[in-house]
Amino acid sequence: MKWIINDSACSLDYFGEIFETEDQRNWTDASYKTYCTPLSLPYPVKVEKGEKIIQRIVFKTEPSPARETINIEPITLSIQTKHTAELPKIGIGRSTRPAPLSASEINILRNIRFDHYRTDLYLFSPEWRTSADSALIEAKELGCLIEFALFMDENKIIQINEFIDWATKQQADISVVCLFHKDYRYTPDSLTDVISPIIKTAFPGTKISSGTNANFAQLNRNRPGSAYNDLICYCIHPQEHASDNTTLIENLQAQKYTVDSCTKFANGKGIWISPVNIQRRFNANIDKYELPVKADGLPAQVDSRLMSLFGACWAAGSLKYLCESEIKGVTYFETAGERGIIQGDYDSRWPEAFQASKGMIFPLYHVFRFLLKYKSFKVAKSLSSHPMIAELLTLTNGKEHKIIVINFTKESQYVILPVKGEFKIKQLNSESFAEASSDMNWLDNNSGITTNNSGSLFLSPFSVSFIS
C-alpha cells in the first residue's frame, strides 16, 4: 500500500501471511480495513503446539516532492433541478422503552405526519400479541400505517397463520411486512417463497420485504433470489468500526453507496431501509436480532449525541443521501425515550450519561417536521463543494424550493446559496436550542429572518437552517 500525506510518501509491505482488504462501505463506513487471515479460509484456525507463526508489516516513510498548497474556496451549494425523485415513505420506529406512548406524546409525534410505524414481532414468542396490540393502537393514534418486522422459526406456517388471524380481526392497516428468520442473519429465500403468498392472499395491498435485519454487509453476502418479495431491506448505522464525530459525518455518503450497490442486484425491486439508527442495535456477528438489555448502565444502543444539534445534523445528512437515492422507504430511530426523537413523559433513565429531562424535544424532531410538511414536493439532487463541512437537502414542486442547509462542524461557516430573491431562514443552533427543545411547533412559531439573498449564508456551528 502506498499513499501521500502532507509532504511524506508512506508505504506498507506485508509478509508471512495472506492479507486482504475489506471495503467497509458494506457497513456504511467510508473506510477500509486490512487484516489476516482471509475470511474465505475456515476459522477459527487450529494452531498446533510448537507451531511458529510469523506475520510482519513494514511501514516506511520518505519525503515526497513538495506539493502546491490548495486554497479552500468558499463552500458552494447547488441544486440540480433536472434531477428529481419522489420523496420516499418515511417512518418512525416503535420505542423500546417499557412504557407505551402517552396521549401527550402521541399529540407531539402525530404533528410530524410519519408515513409508517415499525414494530418488531417475535412470532415464536407467546407474548407477541401483547406487543402487537399496543403497537397497532399507537399506529392508529399516530395516523400511520404499520410496518411489521416479523421474526419466525421452523414453525413459520403456524406462526404466520396466527399472525394473519390476529391482523384480520384487528383490521390492521399494514403497509409493509419485513420477513426474517430468528436463526439467520438474512431472510432465506425458502421463507419468502412460502410466507409471502400467504400474506398476499390475506392482505393483497401489503408490500413484502426480505433481506436482512442487520447491515448491508449481511445482505451483500446473501443476496435475495426469491421472486415473491416486492422490496429488499437492510439496516443502517454509522458506528460499526469507529465512533468519533468526523467518522460519523464521513460515513453519511456511504449510505448512498449501499443503495447504488443494492440497485444493481435488486432486479427492479424497491429498496426499503429499516431502521436507520445513530448507534448499533445489536452485534450481527453474534446475534440475529436485538435482545432485551440487562445491564444497569447506559446501553450500547444509546448515544447521547442523538439529542444534540449534532444528532439533528447527522439525521438531516442521512435523509439527504437516502432521499436522493430514490429508495421506496426508510424508517428512522424511535418515537420516545433515549433512542427516540423526543424524551417524552419520563426523565432520562441514565441522567448522567444522557442528560435529557421529561418533555424535551430533540432537535432532529424539527428536521422531520419540516421535511414531511412538504410530502407533495419532490427531492432535487443537491451538491456541495465541501460535503464534509456543509450539505443541503432540497425539495421542490417546480416553482418553490424548500431547503435544509447543514453545518457539520464546530466552527461557523459561510456558504454560497443556490437560490435567489427573498426567502425566510429559520436556524436551529445553540441560540435557539432551548426554545426548540420545549416547543413542538417551533418551526411555525419562530418568525425567522426574511432576507434578500446576497449570495451567502452564515451558518452557526452544528446548525440546521430551514429555508423556505
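What counts and how
Residues numbered from 1 in each chain as written. Predicted model: local features only at pLDDT ≥ 70, side-chain atom pairs only at ≥ 80, totals over all residues. Heavy atoms only, no water. Helix = DSSP H or I, 4+ residues; strand = E, 2+ residues; numbered from the N terminus. Rg over C-alpha atoms; globule rule 2.2 N^0.38 Å. Buried < 20%, exposed > 50% of the residue type's maximum accessible area, 1.4 Å probe, protein only. Contact = heavy atoms within 4.5 Å. Areas by Shrake-Rupley, 256 points an atom, 1.4 Å probe, with all protein chains shown as cover. Lys, Arg positive; Asp, Glu negative; His and termini not counted. Charge placed at Lys NZ, Arg CZ, Asp CG, Glu CD. Core = buried A, V, L, I, M, F, W, Y, C linked by side-chain atoms within 4.5 Å. Salt bridge = Lys/Arg side-chain N within 4 Å of Asp/Glu carboxyl O. Axes fitted to C-alpha atoms, helices over the stretch in contact; angles between N-to-C directions. Parallel < 35°, antiparallel > 145°, perpendicular 65-115°, else oblique. Left-handed = near helix turned anticlockwise from the far one by under 90°. Nonpolar A, V, L, I, M, F, W, Y, C, P; charged D, E, K, R; others polar. Pairing = 2+ DSSP bridges.

Draft legend 1. Quick look at the overall build of the protein chain. If you tally the helices and strands in the protein chain, you get eleven helices and 23 strands. Since a compact globule built from 468 residues should have a radius of gyration of about 23 Å, the 24 Å found for the protein chain is in line with a globular shape. In the protein chain, buried positions account for 51% of the 468 residues. A separation of at least 24 residues holds for 74% of the contacts in the protein chain among residues at least 6 apart in sequence. For the protein chain, the accessible area works out to roughly 22300 Å², and carbon and sulfur atoms hold 51% of it. With 50 positive and 53 negative side-chain charges, the protein chain shows a spacing of 4 Å between the two charge centroids.

Draft legend 2. Structural detail: the nonpolar core. Of all hydrophobic cores here, the largest spans 102 residues; its most connected members are Ile90, Phe163, Ile273, Phe333, Ile341 and Phe368. The element best represented in this core is helix α8 (residues 309-323), accounting for eleven residues. Apart from the residues lying within four places of it in its own chain, the contact partners of Ile90 are Phe114, Asp115, His116, Leu319, Cys323, Val330, Tyr332, Phe368, Leu371 and Leu372.

Draft legend 3. Seen up close, the pattern of salt bridges. Evaluation of the coordinates by the stated rule reveals 23 salt bridges. With a shortest N-O distance of 3.1 Å, Glu240 and Arg280 are connected by a salt bridge. A residue pair is termed long-range when its members are at least 10 positions apart, and Glu240 in the loop between β12 (231-236) and α6 (245-250) and Arg280 in the loop between β13 (270-276) and α8 qualify at 40 residues. Take Glu240: its relative accessible area is 14%, and that puts it in the buried class. With a shortest N-O distance of 3.7 Å, Asp444 and Lys373 are connected by a salt bridge. One end of the pair, Asp444, is in helix α11 (residues 442-445); the other, Lys373, is in the loop between α9 (364-372) and β16 (378-384), and 71 residues separate them in sequence. For Asp444, a relative accessible area of 40% corresponds to the partly exposed category. Several salt bridges share partner residues, and in doing so they unite Glu290, Glu334 and Arg339 into one network.

Draft legend 4. Representation of the packing of helix α3 (residues 156-170) against helix α4 (residues 189-202). With their axes 11 Å apart at the nearest point, α3 and α4 run at an angle of 20° to one another. In terms of orientation, α3 and α4 fall into the roughly parallel class. With respect to the hand of their crossing, α3 and α4 are arranged in right-handed fashion. Here Lys156, Ile157, Ile160, Asn161 and Ile164 of α3 lie close against α4, whose contacting residues are Leu191, Val194, Ile195, Ile198, Ile199 and Ala202. For the contact of α3 with α4, the class distribution of residues is nine nonpolar, one polar and one charged.

Draft legend 5. Molecular detail of the sheet that holds strand β1 (residues 2-5). Strand order across the open sheet formed by three strands is β1-β2-β5, with antiparallel pairing between neighbours. Single-partner strands in this sheet number two, and they are β1 and β5 (56-63). In this sheet, adjacent strand axes meet at a mean angle of 20° when their direction is disregarded. The pairing of strand β2 (residues 8-15) with β5 spans eight bridges and is antiparallel. Bridge pairing in β5 places Asp13 opposite Val58.

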